[in-house]
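# Descriptive structure summary
Here are the chains, one letter per residue:
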Amino acid sequence: MDKIEIVGGQKLQGSIRISGAKNAALPLMACALLTAEPVVLQDVPELADIRTMQKVLEHFGMKITRNGTTMTLQADNITQFEAPYELVSTMRASFWVLGPLVGRFGQARVSMPGGCAIGVRAVDRHLYVVHQLGANIDMVGGYVECQAKDGLKGAHLSFGPGTLVTPFYDTSTFKPSVGATMNALMASVLAKGRTAIDYAAIEPEVTDLANCLVSMGAKISGIGTPHLVIEGVERLHGTTYAVISDRVEAATYAIAAAITQGQLTLTNIKAELLQNVLDVLTSAGVNIQTAQDSITVSNNIWPLKPVRVTTKEYPGFPTDDQAQLMALMTLAAGESSVTETIYENRFMHVPELARMGAHIQLKDKNTAVVKGVDHLIGAPVMASDLRASAALILAGLAAQGTTTVHRVYHLDRGYDNLVGKLQACGANIKRLPENN
Ligand code: UD1
């Protein structure tokens, strides 16, 4: 296992190319299950989660080759329909194979993902999708077994609160879900007849998946809105498709520029994908300039002004950017607050930031109140989940002295070449073996 060592205090200067989005690439890889023809994905990031999804798909018999950031996937000889516990338990997004497997082959056996550090993260809305589209569901030994002998049939799906209660789901608690909307799209494109999805998630990665499916011959209308209509087709064909850029990576580097009082130009990213975050940074005093495919972030005001944010579904402030913003606010002039509404346990960076001198109090389970301090001091800290790890890196870039971030495998899950990208902009950061 490796650790990352940062000597803080360098102003970042330069340009960073934003990679393809992890959260788009993962479902796009899964959707290659829906056709026997090759699916060529461009701008696939180099990440541990992508390698995990590759293992899951290869386990089914999919052929996958990679040439730089281009990945070719072909599902012309699928012989296994089981996603094993060893793989699904390491990455929840492996559960996204359920929809395409049942959609094309009428069967799937997928391990339940289990909890993770940021909460329970149930899959009830995913089970609802395949059940409503006509699959039989069984829960055996920690696995979901789905059968649809005559294929799936179009249905009316809604991720809004409903009144349906079954052993697998209770729709009264439903809210839009990114992953379940993706599973619904992938399950319904080959189903017989029409599927309507109400209260669909409208995150850009859902839109990216829908656009890719359309390029494969799927009939989907309402893309980008909470109301999707899918007319099932008999078969899909191959495609070449470029993965949308990673808005979370972009937000993280925008905050890196701000927290080091430097200047970074982020390329290969459209500002509208992270407009809410850019607006919050602007209100804190950060200078943002946008062009068609780039964002320049500079910060000459110090300390920044405090902000209050509440995480929301897109286009609201993303839960995936909350920890990084909190790191920035530890150094603002006054009191900020961050309220988390998507996950029940997503403040694990708080005690670690406190070890670096941050003043953060949890007002209740969901709200952190951050009182800005004059400076942070480097310390050994422990990464607990992907975005919490990014927050610790950002704090380390600004802190006085050396910060050592342990358990960096969390970062490897979601940040393509983080150390290299930051080094190229002047950060004093290196990756070392843990026992060094
Ligand atoms: C995706 C992203 C993740 C992001 C999240 C919200 C991927 C691989 N991950 O996760 O980075 O933070 O969207 O933008 O794309 N829930 C249920 N039952 C379900 C499904 C979800 O209770 O069947 C709950 C979850 O526990 C969570 C909330 O709903 O509290 C939102 O989850 P969801 O939108 O499904 O997020 P993911 O797709 O898992």
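It should be noted that the structure appears before, not after, this text.
To start, this report covers the structure provided alongside it. (Residues numbered from 1 in each chain as written. Predicted model: local features only at pLDDT ≥ 70, side-chain atom pairs only at ≥ 80, totals over all residues. Heavy atoms only, no water.)

Okay, the sheet that holds strand E19 (residues 335–339) next. Strand pairing in a sheet relies on backbone hydrogen bonds. The paired strands run either parallel or antiparallel. The sheet built from four strands is open, its strands ordered E18-E19-E21-E20 with mixed pairing. Looking at which strands have only one partner, the edges of the open sheet turn out to be strand E18 (308–310) and strand E20 (359–362). Averaged over all pairs of adjacent strands, the angle between strand axes in this sheet comes to 15°, irrespective of strand direction. With three bridges joining them, E18 and E19 adopt parallel strand pairing. Along E19, the bridge assignment pairs Thr 310 with Thr 339. (Pairing = 2+ DSSP bridges. Helix = DSSP H or I, 4+ residues; strand = E, 2+ residues; numbered from the N terminus. Axes fitted to C-alpha atoms, helices over the stretch in contact; angles between N-to-C directions.)

Before going further, it helps to spend a moment on the pattern of salt bridges. Summed over the entire model, instances satisfying the criterion amount to 17 salt bridges. Asp 2 is the partner of Arg 431 in a salt bridge, and the nearest nitrogen-oxygen pair spans 2.7 Å. Highlighted residues: Arg 431 in strand E24 (residues 428–433) and Asp 2 in strand E1 (residues 2–7), separated in sequence by 429 residues. For Arg 431, a relative accessible area of 36% gives the class partly exposed. For Asp 2, a relative accessible area of 25% puts it in the partly exposed group. One salt-bridge network, in which partners are shared between bridges, spans Asp 2, Asp 412 and Arg 431. (Salt bridge = Lys/Arg side-chain N within 4 Å of Asp/Glu carboxyl O. Buried < 20%, exposed > 50% of the residue type's maximum accessible area, 1.4 Å probe, protein only.)

Attention now moves to the nonpolar core. Membership of the largest hydrophobic core comes to 159 residues, with the highest contact counts inside it found for Leu 57, Val 97, Leu 213, Leu 325, Ile 393 and Leu 418. It is helix H8 (residues 247–259) that provides the largest number of residues to this core, a total of ten residues. Two domains each put at least three residues into this core: domain 1 (2–19 + 245–433) and domain 2 (22–242). Not counting chain neighbours up to four residues away, the residues in contact with Leu 325 comprise Ile 255, Val 280, Leu 281, Val 307, Val 309 and Phe 317. (Core = buried A, V, L, I, M, F, W, Y, C linked by side-chain atoms within 4.5 Å. Domains from an automatic or database assignment. Contact = heavy atoms within 4.5 Å.)

Our next topic: unusual backbone geometry. Note the cis peptide between Trp 302 and Pro 303, where omega equals 0°. Within the secondary structure, Pro 303 is located in the loop between strand E17 (294–298) and E18. Along the chain, Tyr 314 connects to Pro 315 via a cis peptide bond; the corresponding omega equals 5°. Take Pro 315: it is sitting in the loop between E18 and helix H10 (322–329). The phi torsion at Gln 261 lies on the positive side, around 55°, for a residue other than glycine. Along the polypeptide, Gln 261 turns up in the loop between H8 and strand E15 (263–267). Even without being a glycine, Asn 417 presents a positive backbone phi close to 55°. Along the chain, Asn 417 turns up in the loop between helix H13 (409–414) and helix H14 (418–423).

Structurally, Thr 367 is set in strand E21 (residues 367–371). With relative accessibility at 8%, the residue Thr 367 sits in the buried group. Among the polar contacts listed, one links the side chain of Thr 367 to the side chain of Thr 339, at a separation of 3.0 Å. Those residues in contact with Thr 367, other than ones at most four positions away along the chain, are Ser 337, Val 338, Thr 339, Phe 347, Gln 361 and Leu 362. (Polar contact = N/O pair within 3.5 Å; in protein donor to acceptor, adjacent residues only side chain to side chain.)

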